[in-house]
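Each chain, letter by letter, is given below.
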Amino acid sequence: MESKQVMFDLRQARQYAKFTQKDIAKKLGIAQLTYQKYEAGERKMRVDVAKDFSKVVNIPIDNIIF
């Protein structure tokens, strides 16, 4: 039997980890507006930032939709 992989978008991952946008931006060392644009799909997240985001929210990068 195959296990199903749970997928999270950025907002869901952040909320699951109980962080605000401001918290995430501070932990990633970016402006809050930049992070807001990532969540809104107005800007693409760089790979290094995506890896850091995955670590901060403690969700495998393969389970996050960027």
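Refer to the structure above for everything that follows.
Owing to the predicted nature of the structure, the values given are computational and were not obtained by experimental measurement. Each chain carries its own residue numbering, running from 1 in the direction its sequence is written. Two thresholds apply to this predicted model, a pLDDT of at least 70 for residue-level local features and 80 or more for giving and counting side-chain atom pairs, whereas whole-chain, interface and lining totals are computed over all residues. Hydrogens and water molecules were not included; the side-chain quantities draw on all heavy atoms of the structure.

Caption draft 1: A look at unusual backbone geometry. Although it is not a glycine, Lys 18 sits at a positive phi angle of roughly 65 degrees. Each helix is a run of H or I in the DSSP string that is no shorter than four residues. Each strand is a run of E no shorter than two, and both are numbered from the N terminus. Tracing the backbone through its elements, the reader meets Lys 18 in the loop between helix H1 (10-16) and helix H2 (21-28).

Caption draft 2: Fine view of the pattern of salt bridges. Salt bridge, as used here, is a side-chain nitrogen of Lys or Arg placed within 4 Å of a carboxyl oxygen of Asp or Glu. Counted according to the given criterion, the structure contains two salt bridges. Arg 14 is the partner of Glu 39 in a salt bridge, and the nearest nitrogen-oxygen pair spans 2.5 Å. Of this pair, Glu 39 sits in helix H3 (residues 32-40) while Arg 14 is found in helix H1, placing the two residues 25 residues apart along the sequence. Owing to a relative accessible area of 22%, Glu 39 belongs among the partly exposed residues under this scheme. For every residue, the accessible area obtained with a 1.4 Å probe (protein chains only) is divided by the maximum for its type, and the residue is called buried under 20%, exposed over 50%, and partly exposed between those limits. Looking at Arg 14, the relative accessible area reads 9%, which means it is buried. The closest approach of N and O atoms between Arg 46 and Asp 48, which form a salt bridge, is 3.0 Å.

Caption draft 3: View of the environment of Gln 36. The residue Gln 36 is located in helix H3 in this model. Of the residues examined, Gln 36 reaches a relative accessible area of 31% and is grouped as partly exposed. Sequence-wise, Gln 36 and Lys 22 are 14 residues apart; in three dimensions their C-alpha atoms are separated by 9.1 Å.

Caption draft 4: Broad picture of the packing of H2 against H3. Axes here refer to lines fitted to C-alpha atoms; in helices the fit is confined to the stretch in contact. Angles between the N-to-C directions go from 0 to 180 degrees. In contact at an axis separation of 8 Å, H2 and H3 are set at 110 degrees when each is read in the N-to-C sense. In terms of orientation, H2 and H3 fall into the roughly perpendicular class. Taken as a pair, H2 and H3 cross one another with a handedness that is right-handed. Between H2, through Gln 21, Lys 22, Ile 24, Ala 25 and Leu 28, and H3, the contact on the second element is made entirely by Gln 32, Tyr 35, Gln 36 and Glu 39. In terms of residue class, the contact of H2 with H3 is built from four nonpolar, three polar and two charged. Angular relationships are summarised with four words: roughly parallel below 35 degrees, roughly antiparallel beyond 145, roughly perpendicular across 65 to 115, and oblique for the angles in between. Crossings are sorted by hand: turned counterclockwise from the far helix by less than a right angle, the near helix makes the crossing left-handed, and turned clockwise it makes it right-handed. The contact definition used throughout considers only heavy atoms, calling two residues in contact when any of these lie within 4.5 Å. For this classification, Asp, Glu, Lys and Arg are treated as charged, while Ala, Val, Leu, Ile, Met, Phe, Trp, Tyr, Cys and Pro are nonpolar and the rest, including Gly, are polar.

Caption draft 5: Highlighting the packing of aromatic side chains. Each Phe, Tyr or Trp ring, with Trp reduced to its six-membered ring, pairs with another whose centre is within 6.5 Å; inter-plane angles below 30 degrees give stacked pairs, above 60 give edge-to-face pairs, and intermediate values give tilted ones. All chains considered together, the criterion is met by four aromatic pairs. Summarising the aromatic geometry, the rings of Tyr 35 and Phe 53 are spaced 6.1 Å apart at their centres and angled 25 degrees between planes, so their arrangement reads as stacked. Here Tyr 35, found in helix H3, pairs with Phe 53, found in helix H4 (residues 47-57); they are 18 residues apart in sequence, far enough to count as distant. Here Phe 53 falls in the buried class, since its relative accessible area comes to 0%. By the ring-pair criterion, three or more aromatic residues cluster together here, those being Tyr 35, Tyr 38, Phe 53 and Phe 66.

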